[in-house]
Amino acid sequence: KLARIGALESLRTTLEPRRVAPAVIDIAAGKKTGGLKLEARVSVSHAAFSTLAVLDDPRASRFIGESLKSPNESLCAGALAALAVAPTESSAGQILDLLQGLENAKPVASAIADYYELHEELLEDPEHARALGGVATHATTPNEPRVRMFDSLRLSDAKIGTGIKRDVEPFQEASRPDVRQAARLLMARLKDRGARQDLLGELDARIKRDKKSISAHSDRAIVLHAIGDW
């Protein structure tokens, strides 16, 4: 496995991408990894996808785009992992297309969260911000990547629009504390007074009871920093 991955990594700097691309596409598609165990096949396939992402070859780009829309979860996850390390000039459009047509976020949500954590600057574009907001609030998105997406939207001051804000609101009462807190932090940063009160009410009461409480002032400062209240 390690030898195959090493060879694929070396091919990322090839001067002959047109000769290399077809063989690497076959490996990414799992056609030449039949003798490996499942975990090794996935690792080698993802390494092949990462190589394709940096090759200057239209077939490589086309294969990644097709894999993003594949019902095969392994192919889709491999394509997403590859795009995370690819230049945004070539990956941003493909990611946006995927997000806007996504019906089941569960298999790819973590990879989407990874992508936008690495390319936070894309969230300055309202299209990307709204698309990620749509995935963050999607019913099929697992909680852990949902929290990470809320955090990315908040930290980038993304303009998610009124519709996505309405979709975030119910998560302020989520049963999971991490989801509830992430949603409230995002909404408070978007100037929602109710969310701000939910976050700061108890902290303000603690300070009122004991104005010299270091922990209360510290906890309140952390929340104020998180919601961009300098």
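Everything discussed here concerns the structure shown above.
Residues numbered from 1 in each chain as written. Predicted model: local features only at pLDDT ≥ 70, side-chain atom pairs only at ≥ 80, totals over all residues. Heavy atoms only, no water.

A.B. asks: Is there a simple way to think about the overall build of the chain in this case?
C.D. replies: If you tally the helices and strands in the chain, you get 13 helices and zero strands. Beginning at the N terminus, the succession of helices and strands in the chain can be written as α-α-α-α-α-α-α-α-α-α-α-α-α. Taken over the C-alpha atoms alone, the chain extends approximately 70 × 35 × 30 Å along its principal axes. Long-range pairs, those at least 24 residues apart, make up 59% of the contacts in the chain between residues at least 6 apart in sequence. (Helix = DSSP H or I, 4+ residues; strand = E, 2+ residues; numbered from the N terminus. Contact = heavy atoms within 4.5 Å.)

A.B. asks: Teacher, can you tell me more about the packing of helix H6 (residues 88-100) against helix H8 (residues 126-136) here?
C.D. replies: Packed helix pairs are characterised by how far apart their axes lie and by the angle those axes make with each other. One way to put it is that H6 packs onto H8 with a least axis distance of 9 Å and a crossing angle of 40°. It follows from the interaxial angle that H6 and H8 lie oblique. Judged by the twist between their axes, the crossing of H6 over H8 is left-handed. On H8, the residues touching Ala-92, Leu-96, Leu-99 and Gln-100 of H6 are Glu-127, His-128, Ala-131, Leu-132 and Val-135. Here the contact of H6 with H8 is composed, by residue class, of six nonpolar, two polar and one charged. (Axes fitted to C-alpha atoms, helices over the stretch in contact; angles between N-to-C directions. Parallel < 35°, antiparallel > 145°, perpendicular 65-115°, else oblique. Left-handed = near helix turned anticlockwise from the far one by under 90°. Nonpolar A, V, L, I, M, F, W, Y, C, P; charged D, E, K, R; others polar.)

A.B. asks: Got a minute to help me understand the pattern of salt bridges in this structure?
C.D. replies: Side-chain pairing between opposite charges can occur once the charged atoms of the two side chains come close. Under the definition given, this model contains 15 salt bridges. Across the pair Arg-189 and Asp-157 runs a salt bridge whose closest N-O atoms are separated by 2.7 Å. Of this pair, Arg-189 sits in helix H11 (residues 177-189) while Asp-157 sits in the loop between helix H9 (143-155) and helix H10 (161-168); the two residues are 32 residues apart in sequence, bridging distant segments of the chain. When its relative accessible area of 14% is taken as the criterion, Arg-189 is described as buried. Take Asp-157: its relative accessible area is 39%, and that puts it in the partly exposed class. A salt bridge links Arg-220 to Asp-204, with the nearest nitrogen and oxygen atoms 2.5 Å apart. (Salt bridge = Lys/Arg side-chain N within 4 Å of Asp/Glu carboxyl O. Buried < 20%, exposed > 50% of the residue type's maximum accessible area, 1.4 Å probe, protein only.)

A.B. asks: When you look at the packing of helix H1 (residues 2-10) against helix H3 (residues 38-54) in this model, what are you seeing that I'm missing?
C.D. replies: Contact geometry of H1 with H3 gives a least axis separation of 9 Å together with a crossing angle of 5°. Our classification of the angle between H1 and H3 gives roughly parallel. Counting all contacts with H1, which are made through Arg-4, Ile-5, Leu-8 and Glu-9, the residues of H3 involved are Ser-43, Val-44, Ala-47, Ala-48 and Thr-51. For the contact of H1 with H3, a count of residues per class yields five nonpolar, two polar and two charged.

A.B. asks: Can you walk me through the packing of aromatic side chains in this structure?
C.D. replies: Using the criterion set out here, one finds three aromatic pairs in the structure. Seen in terms of ring centroids, Tyr-115 and Tyr-116 are 5.2 Å apart; in terms of plane orientation they differ by 80°. Their pairing is edge-to-face. Of the residues examined, Tyr-115 reaches a relative accessible area of 0% and is grouped as buried. Aromatic side chains Phe-150 and Phe-171 sit 5.8 Å apart centroid to centroid with 65° between the ring planes, which places their arrangement in the edge-to-face category. Residue Phe-150 is found in helix H9, and its partner Phe-171 is found in the loop between H10 and H11; the two are separated by 21 residues along the sequence. Each member of the pair, Phe-150 as well as Phe-171, is classed as buried. (Phe/Tyr/Trp six-rings, centres within 6.5 Å; stacked < 30°, edge-to-face > 60°.)

A.B. asks: What's the story with the environment of Ala-111 in this structure? I'm lost.
C.D. replies: Inspection of the secondary structure puts Ala-111 in helix H7 (residues 109-118). A sequence separation of 86 residues divides Ala-111 from Gln-197, and the C-alpha atoms of the two residues are 33 Å apart.

A.B. asks: Could you clarify how one ought to interpret the nonpolar core in this entry?
C.D. replies: Nonpolar side chains tend to gather and get buried jointly when the protein is soluble and globular. Core analysis: the largest hydrophobic core is formed by 75 residues, its most contacted members being Leu-52, Leu-99, Ile-112 and Tyr-116. In contact with Leu-99, not counting residues within four places along its chain, are Ile-112, Tyr-116, Ala-131, Leu-132 and Val-135. (Core = buried A, V, L, I, M, F, W, Y, C linked by side-chain atoms within 4.5 Å.)

A.B. asks: Looking at this structure, I do not really get unusual backbone geometry. What am I missing?
C.D. replies: For residues besides glycine, phi is generally negative; the peptide bonds are generally trans as well. The residue Asp-157 is not glycine, and still its phi comes out positive at about 50°. Unusually for a residue other than glycine, Lys-191 sits at a positive phi of about 75°. With respect to the helices and strands, Lys-191 occurs in the loop between H11 and helix H12 (193-209). A residue is classified by how much of its surface remains accessible, and Lys-191, at 67% relative accessible area, is exposed.

A.B. asks: Is there a simple way to think about the side chain of Ser-156 in this case?
C.D. replies: Take Ser-156: it is sitting in the loop between H9 and H10. Under the relative-accessibility criterion, Ser-156 is labelled buried at 15%. One polar contact links the side chain of Ser-156 to the main-chain carbonyl oxygen of Ser-152, over a distance of 2.8 Å. Within polar-contact distance, the side chain of Ser-156 engages the backbone oxygen of Leu-153 at 3.3 Å. (Polar contact = N/O pair within 3.5 Å; in protein donor to acceptor, adjacent residues only side chain to side chain.)

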